[in-house]
Amino acid sequence: MDVKISPAWKELLKDEFEKTYFKELVSFVKSEYATKKVYPPGKLIFNAFDTVAPEDIKVVILGQDPYHGPGQAHGLSFSVPLGIPTPKSLINIFKEIESDLGTPPPNNGNLERWATQGVFLLNASLTVRAGEPSSHQKSGWMQFTDKVIEKVSENCEHVVFMLWGNFAKEKMSLIDQDRHLILTSTHPSPFSAHKGFLGSKQFSRANAYLENHGKTPIKW
């Protein structure tokens, strides 16, 4: 079926788009957008894919759900558009970057600047009902994004996978640990950041790995 996604991803995932579960997922998502308030805006569902081609991926940061508040979600995990207050989890991410690398926090939470450098900001579910976290988790998105993670693992070389929290850590089995670096910690949310995320130095470790494999480090 015809999915509005960048050509490189369309080619990589073409078999997935023809599967029954994905066709049912598309039908469900269309119905949800027609009858309920759903985030992100429809044209931004595949924003993470449209921003980073598979061959350009250096780092994968896996989120769980899009933000479910007004104006927050724009198809990149942990990121919010310009003009939207920075969420608490992202504030903690910026705190860790400052502690790790000495980079002061930016004045906004828009992470497009990471995406254009090869950071694939993937949510496990790509849509969500307004005010209802996890509301689309069982719709088929996770089957799709699990396959995306597998495809990245199979087709890319020396990618850093950042898996934060138990939900993300469950994806470790999808990744070839001989070809890629997996960095895990607790989630950066206010409830768990102090239990392992803060002080983990994942951003300097990621950059060291990239440099060791001939890649330009990320300007976090």
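Coordinates for the structure precede this section.
Small disclaimer: the values here were computed from a predicted structure and weren't measured.

(A) Spotlight on the packing of helix 3 (residues 20-35) against helix 7 (residues 137-155). Viewed as axis vectors pointing N to C, helix 3 and helix 7 meet at an angle of 135 degrees, and their least axial separation amounts to 8 Å. Judged on the interaxial angle alone, helix 7 and helix 3 are oblique. Considering how the two elements wind past one another, helix 3 and helix 7 form a crossing that is left-handed. Residues Tyr21, Phe22, Leu25, Phe28 and Val29 of helix 3 touch helix 7, and the partners they reach there are Ser139, Gly140, Trp141, Gln143 and Phe144. The residue makeup of the contact of helix 3 with helix 7, split by class, is 7 nonpolar, 3 polar and no charged.

(B) Structural context of the pairing of strand 2 (residues 59-63). In terms of residue burial, strand 2 counts as a mostly covered element, since 5 of its 5 residues are buried. In terms of strand pairing, strand 2 meets strand 3 (residues 119-123) through 5 bridges, oriented parallel. Residue leucine 62 lies in a different strand from strand 3, and its bridge partner there is leucine 122. Inspection of the sheet shows strand 2 paired to strand 5 (residues 160-164) by 4 bridges, in the parallel sense. Of the residues in strand 5, the one forming a bridge with leucine 62 is leucine 163.

(C) Representation of empty space enclosed by the protein. The final tally for this structure, using the stated rule, is 1 cavity of 30 Å³ or more. The volume enclosed by the largest cavity comes to roughly 60 Å³. Taken together, Pro40, Ile45, Ala48, Phe49, Pro66, Gly75, Leu76, Leu121, Leu122, Asn123, Ser125 and Leu126 make up the full set of residues lining the largest cavity. For the lining of the largest cavity, the secondary structure elements donating two or more residues are helix 4 (47-51) and strand 3. The element that contributes the greatest number of residues to the lining of the largest cavity is strand 3, accounting for 3 residues.

Rules and cut-offs
Residues numbered from 1 in each chain as written. Predicted model: local features only at pLDDT ≥ 70, side-chain atom pairs only at ≥ 80, totals over all residues. Heavy atoms only, no water. Axes fitted to C-alpha atoms, helices over the stretch in contact; angles between N-to-C directions. Helix = DSSP H or I, 4+ residues; strand = E, 2+ residues; numbered from the N terminus. Parallel < 35°, antiparallel > 145°, perpendicular 65-115°, else oblique. Left-handed = near helix turned anticlockwise from the far one by under 90°. Contact = heavy atoms within 4.5 Å. Nonpolar A, V, L, I, M, F, W, Y, C, P; charged D, E, K, R; others polar. Buried < 20%, exposed > 50% of the residue type's maximum accessible area, 1.4 Å probe, protein only. Pairing = 2+ DSSP bridges. 1 Å grid on protein atoms, 1.4 Å probe; cavity = no way out; pocket = protein on both sides within 12 Å on 5 of 7 lines; lining within 4 Å. Points joined across faces, edges and corners; volume = space filled by probe spheres on them.

Limitation: the analysis is restricted to geometry and does not speak to function.
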